[in-house]
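Here is what each chain is made of, one letter per residue.
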Amino acid sequence: MDSSFSRIVLRGTHHKALTISVSAFWQTSPVPKSFRSAQFLARHYSSRSHQSLPVIGANYLFSAFPPIPKKPKPPRRPYSFSYCNSSQGYLSSRPVSSQTHITRNSYTMAAVAPAVENTSPPGHETKPLTGVEASKRLAAYRAVEDHFDPSYSYVGIGSGSTVVYVVEAIAAKGRDVTSRMTFVPTGEQSKQLIIEAGLPLGSIDALPPVEVAETEMGRVSALHVATGLQDLGLRGKRQSIDVAFDGADEIDEELNCIKGGGACLFQEKLVATAAKKFVCVADYRKLSPRLLTSWKAIPIEISPMAAPTIKRILITLGSPDPKIRQGGSSKAGPVVTDNGMWIMDAPFPKLLLHSDLKPHDHGDGEHGTWEVHNLGRRLKRIVGVLEVGLFHGRNGIQVASAGEEGGGQKPIAAYFGMEDGSVEVREAKEIHGVKSRP
């Protein structure tokens, strides 16, 4: 029996027995099966005035179940990321050829990529970018072009507004490339970016060991592991992240960074130090000769119960007015990080480089001046501090050259989208192996 007629019978009768009798009569009706439809049945029963449908007329039947038109699917059109040599570059919706054409010089880049599966869907228009946002996109695409390799297995994705364009550039490579990789986020924001872009999601604590040794576990060992008497035995070297892309709040001329404006500094440093190379992407406003020139405070992730003690210590170290970061209009009370901590923003005078120190000044705060490395180490020793928003010390190349595992806090390169539409690239000068300083 026609499914639409089944709905009509159930809706038009008030008794179960009556519904069954109508259905049975229709199944044994002499009407040919080819004509058994809801509309034919309506005319048939209305003309014969059957008592089984006393409350439904033919007109009501037709109006109650009008035919549902099928919405035609729009034609699929290929999309491409179209780059210009100015700050007006944006995502275009014009069909492109199957070949990729890339032109580059020392500062600017123009690229037309082939259509891929995970680009913007049909009907989605991206507005042209201007100003700072256009600069961010230029820097992001250039950084991905220079440091993203299809052979990579693990890629770190940082937090912030610039990383949005990094994910956009990576997704444009196509799922044939990205489906073989695992993308490690630095917080909830980057986690959502990875998911929305259709990229495989991983986590920093799930990186597998380089070599897996098969071991036998007996009944007693399994019991000890379950009760906590025995460790799981996570031994050996873990896989490293091949490259990590992240932004920054301020970068000096030696590529020391201040990060933590988005309250993700602990996981950002965790991913950066697990990467073979850390690449920073920012716009022209983040470039400064010395840290704390334009960005006035160092973000510090702290335990809430230690906040009063940490504030007193910071004041003795030379921070004039450290404050707990508040949620503002979006949240009443302090900002709570992804790790359940608070953020304390500690202002300090401009941080010096080692080359700035005078013979009698060690940059340890004794004369009111702090060198970047010294201050970062001193803040990390405060009890109750989870992590400090200073990314200093060694980069990944130096760590690898020294024969040590993991990566460095400093980026190996920083990409700045400039106001005139160009991209300025600053690469780390320190490439020789250096042992970690205490």
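Structure shown above.
Scope of this entry: the structure provided in the associated data block. (Residues numbered from 1 in each chain as written. Predicted model: local features only at pLDDT ≥ 70, side-chain atom pairs only at ≥ 80, totals over all residues. Heavy atoms only, no water.)

1. Here we look at the sheet that holds strand β14 (residues 385-388)
- In spatial order, the strands read β12-β13-β11-β14; together these 4 strands make up an open sheet with antiparallel pairing. Lying at the two open borders of the sheet, with one neighbouring strand each, are β12 (323-324) and β14.
- Lying over the sheet, helix α12 (residues 372-380) contacts β11 (297-302) and β14, oriented at roughly 165° with respect to β14. (Pairing = 2+ DSSP bridges. Helix = DSSP H or I, 4+ residues; strand = E, 2+ residues; numbered from the N terminus. Contact = heavy atoms within 4.5 Å. Axes fitted to C-alpha atoms, helices over the stretch in contact; angles between N-to-C directions.)

2. Examining the nonpolar core
- In this structure, Phe 148, Val 155, Ile 157, Ile 170, Phe 183 and Phe 245 are the most contacted members of the largest nonpolar core, which totals 34 residues.
- Within the residue set of this core, elements represented by two or more residues are α5 (131-147), β5 (154-157), α6 (163-171), α8 (188-196), β7 (243-246), β10 (278-283) and β16 (413-417).
- Each residue touching Ile 170, except ones within four places of it in the same chain, is listed here: Val 144, Phe 148, Val 155, Ile 157, Thr 178, Phe 183, Leu 199 and Phe 245.
- Ranked by size, the runner-up nonpolar core spans 24 residues in total, among them Ile 258, Ile 298, Ile 300 and Met 344. (Core = buried A, V, L, I, M, F, W, Y, C linked by side-chain atoms within 4.5 Å. Buried < 20%, exposed > 50% of the residue type's maximum accessible area, 1.4 Å probe, protein only.)

3. Some remarks on the environment of Ser 153
- With respect to the helices and strands, the residue Ser 153 is situated in the loop between α5 and β5.
- With relative accessibility at 35%, the residue Ser 153 sits in the partly exposed group.
- Taking the C-alpha atoms as reference, Ser 153 lies 9.4 Å from Val 243; in sequence the two are 90 residues apart.
- If near-sequence neighbours (up to four positions away) are discounted, Ser 153 is found in contact with Met 181, Thr 182 and Asp 242.

4. A few points about helix α10 (residues 265-272)
- Within α10, the full set of buried residues consists of Leu 265, Glu 268, Lys 269, Val 271 and Ala 272. Buried residues of α10, viewed axially, fall in a sector of 160°; they line one side. (Arc of directions from axis to C-beta.)

5. Points about the side chain of Arg 325
- Checked against the element boundaries, Arg 325 lands in the loop between β12 and β13 (342-347).
- In this structure Arg 325 comes out as buried when scored by relative accessible area, which is 16%.
- Within polar-contact distance, the side chain of Arg 325 engages the backbone oxygen of Gly 260 at 3.1 Å.
- Among the polar contacts made by the side chain of Arg 325, one reaches the side chain of Asp 345 at a distance of 2.8 Å.
- Discounting residues that sit within four places of it in the chain, Arg 325 has contacts with Gly 260, Gly 261, Gly 262, Ala 263, Pro 299, Pro 334, Val 335, Ile 343 and Asp 345. (Polar contact = N/O pair within 3.5 Å; in protein donor to acceptor, adjacent residues only side chain to side chain.)

6. Describing the packing of aromatic side chains
- Considering all chains together, one arrives at 1 aromatic pair under this definition.
- A cation over a ring is seen here: Lys 259 above Phe 391, with NZ or CZ 5.7 Å from the ring centre.
- It is Lys 269 that lies over the ring of Phe 391; its NZ or CZ is 4.8 Å from the centre. (Phe/Tyr/Trp six-rings, centres within 6.5 Å; stacked < 30°, edge-to-face > 60°. Lys NZ or Arg CZ within 6 Å of the ring centre and 35° of its normal.)

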